[in-house]
Amino acid sequence: MPINVITSGIMTTIQDLGRPGYYHLGIPMGGAMDRLAMRAANLLVGNPETAAGLESVFVGPELEFTEDAMVAVCGAELPPKLDGEEHPTWTALEVKKGQVLSFDFLKAGARAYIAISGGIDTQPHLGSRSTYPIGALGGVDGRAIQPGDSLPLGKPGVKARAGTSVPVEHRRLPGTTAKLRMLPGLYWHRITEESQRSFFDDTWKVANEADRMGYRFQGGRPLDFVPREQPFSAGSDPSNITDACYPYGSVQVPSGQEPIVLHRDAVSGGGYFMLGTVISADMDLIGQLQPNTPVQFVSVDMETALEARKHRNSLLASIRETLS
């Protein structure tokens, strides 16, 4: 039996862990911007970690349940309510047929992940149910959910226990000043030594242009470029390069003004230089940043990046063990 969408929030999309393997064709991996939160929510309700759920930004939807189910909301602190009664996040919640799930006001973070036992069972595209609006892939007809939609559910898997929760120490949200660790990249030499220092010394703020394609940051000093001869086929702006591939997490700084970190739905290549790449362990945190949040970029080496990834994997393993 389906879930009926009464209201959809601001931007609520169906997401899973994405569709890897098509980036070379210009189709991004997509999927949940905060993968740890999506995985944890699925584990709480007895789903495989790859199951599709809902990603809500700032404002949650109203959903009417036509059958009993288990629900969990992880990621942003967007408290769920059942028939108006508030319940905790990061906790398995039993929902009865006919009840309406809604949400209180956002208290922290930016994106909440709503997992439902059985997972959302829409038609997969290229191996994923994740919504990619630019390519009209996944989701409901390639778009965000809308009032009047009916979301089909799959068959529930492992029996979940109401009240089970993820320990507070395993929940992850950015600090008051978020720290984003970055590996300087192939084009790091294109800016002066003074700009290399100022980029990491300055405190930036998340701009309003922050979505699934990328996050823009403002407030730091403009970057100065080392003089060069314009390469063949590159644009005349000092930040232009001959078209190249963009790694996931790339940090672009068009005209040296405002850094942009490319995220889940970003394009796979283009003509802007890449200052570096935010490490994979910190990409989830970006999806939880609200506009005007202070941010500092921190320079790290590959050894530190790999150790951070190992630590993140250990955190996920601890969540699995706690909820098993």
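Residues numbered from 1 in each chain as written. Predicted model: local features only at pLDDT ≥ 70, side-chain atom pairs only at ≥ 80, totals over all residues. Heavy atoms only, no water.

## Considerations on helix α4 (residues 302-323)
Working step 1: The end-to-end C-alpha distance of α4, which contains 22 residues, comes to 32 Å, matching closely the 32 Å that a straight helix rising 1.5 Å per residue would cover.
Working step 2: Every buried residue of α4 is listed here: Ala305, Ala308, Arg312, Leu315, Leu316, Ile319 and Leu323. Taken down its axis, α4 places every buried residue within 90 degrees of arc, on the same side. Residues of α4 that are exposed and point more than 90 degrees away from the buried face comprise Glu303, Lys310, His311 and Glu321.
Working step 3: Next to the buried residues of α4 lie α1 (35-44), β12 (178-184) and α3 (283-286). (Helix = DSSP H or I, 4+ residues; strand = E, 2+ residues; numbered from the N terminus. Expected span 1.5 Å × (residues − 1). Buried < 20%, exposed > 50% of the residue type's maximum accessible area, 1.4 Å probe, protein only. Arc of directions from axis to C-beta. Contact = heavy atoms within 4.5 Å.)

## Notes on the sheet that holds strand β8 (residues 93-95)
Working step 1: Pairing is antiparallel across the open sheet formed by five strands, whose spatial order is β2-β3-β10-β5-β8. With partners counted over all chains shown, the strands left at the sheet margins are β2 (13-15) and β8, one partner each. Between one strand axis and the next, the sheet turns by 35 degrees as a mean value, whatever way the strands run.
Working step 2: Judged from the six bridges that link them, strand β5 (residues 69-77) and strand β10 (residues 108-116) form a sheet pairing that is antiparallel. Residue pairing across strands places Val71 opposite Ile116, the latter belonging to β10.
Working step 3: Against the sheet, α1 contacts β2, β3 (53-57), β5 and β10, and its axis sits at roughly 155 degrees relative to β5. (Pairing = 2+ DSSP bridges. Axes fitted to C-alpha atoms, helices over the stretch in contact; angles between N-to-C directions.)

## Side note on the sheet that holds strand β17 (residues 260-262)
Working step 1: Pairing is mixed around the closed barrel formed by seven strands, whose spatial order is β12-β19-β16-β17-β14-β13-β20. Across the sheet, the mean angle from the axis of one strand to that of its neighbour is 40 degrees, orientation sign disregarded.
Working step 2: Against the sheet, helix α2 (residues 193-201) contacts β12, β13 (204-210), β16 (250-252), β19 (274-278) and β20 (294-299), and its axis sits at roughly 130 degrees relative to β20.

## So, the pattern of salt bridges
Working step 1: Counted by the stated rule, this structure contains 16 salt bridges.
Working step 2: Between Arg320 and Glu49 there is a salt bridge, with the nearest N and O atoms lying 2.5 Å from each other. One end of the pair, Arg320, is in helix α4; the other, Glu49, is in the loop between α1 and β3, and 271 residues separate them in sequence.
Working step 3: A relative accessible area of 34% means that Arg320 is categorised as partly exposed.
Working step 4: The exposure class of Glu49 is buried, given its relative accessible area of 14%.
Working step 5: Among the ionic pairs, Arg212 bridges to Glu55, the shortest N-O distance being 2.9 Å. Here Arg212 is found in the loop between β13 and β14 (214-218), whereas its partner Glu55 is found in strand β3, with 157 residues between them in sequence. (Salt bridge = Lys/Arg side-chain N within 4 Å of Asp/Glu carboxyl O.)

## Things to note about the layout of surface pockets
Working step 1: There is about 450 Å³ of room inside the largest pocket.
Working step 2: Examining the composition of the lining of the largest pocket, we find that seven residues originate from one element, α4, more than from any other.
Working step 3: In terms of residue class, the lining of the largest pocket is made up of 11 nonpolar, three polar and six charged.
Working step 4: Counting residues domain by domain, the lining of the largest pocket receives three or more from each of domain 1 (3-170) and domain 2 (178-314).
Working step 5: Considering only enclosed or pocket space, the second largest pocket measures out at about 240 Å³ in volume.
Working step 6: If you go around the second largest pocket, you meet 13 residues; those closest to its centre are Leu43, Val158, Lys159, Leu323 and Ser324.
Working step 7: Looking at the lining of the second largest pocket, the elements with two or more residues in it are α1 and α4.
Working step 8: For the lining of the second largest pocket, the element with the most residues is α4, which contributes three residues.
Working step 9: Looking at the lining of the second largest pocket residue by residue, the class counts come to five nonpolar, five polar and three charged. (1 Å grid on protein atoms, 1.4 Å probe; cavity = no way out; pocket = protein on both sides within 12 Å on 5 of 7 lines; lining within 4 Å. Points joined across faces, edges and corners; volume = space filled by probe spheres on them. Nonpolar A, V, L, I, M, F, W, Y, C, P; charged D, E, K, R; others polar. Domains from an automatic or database assignment.)

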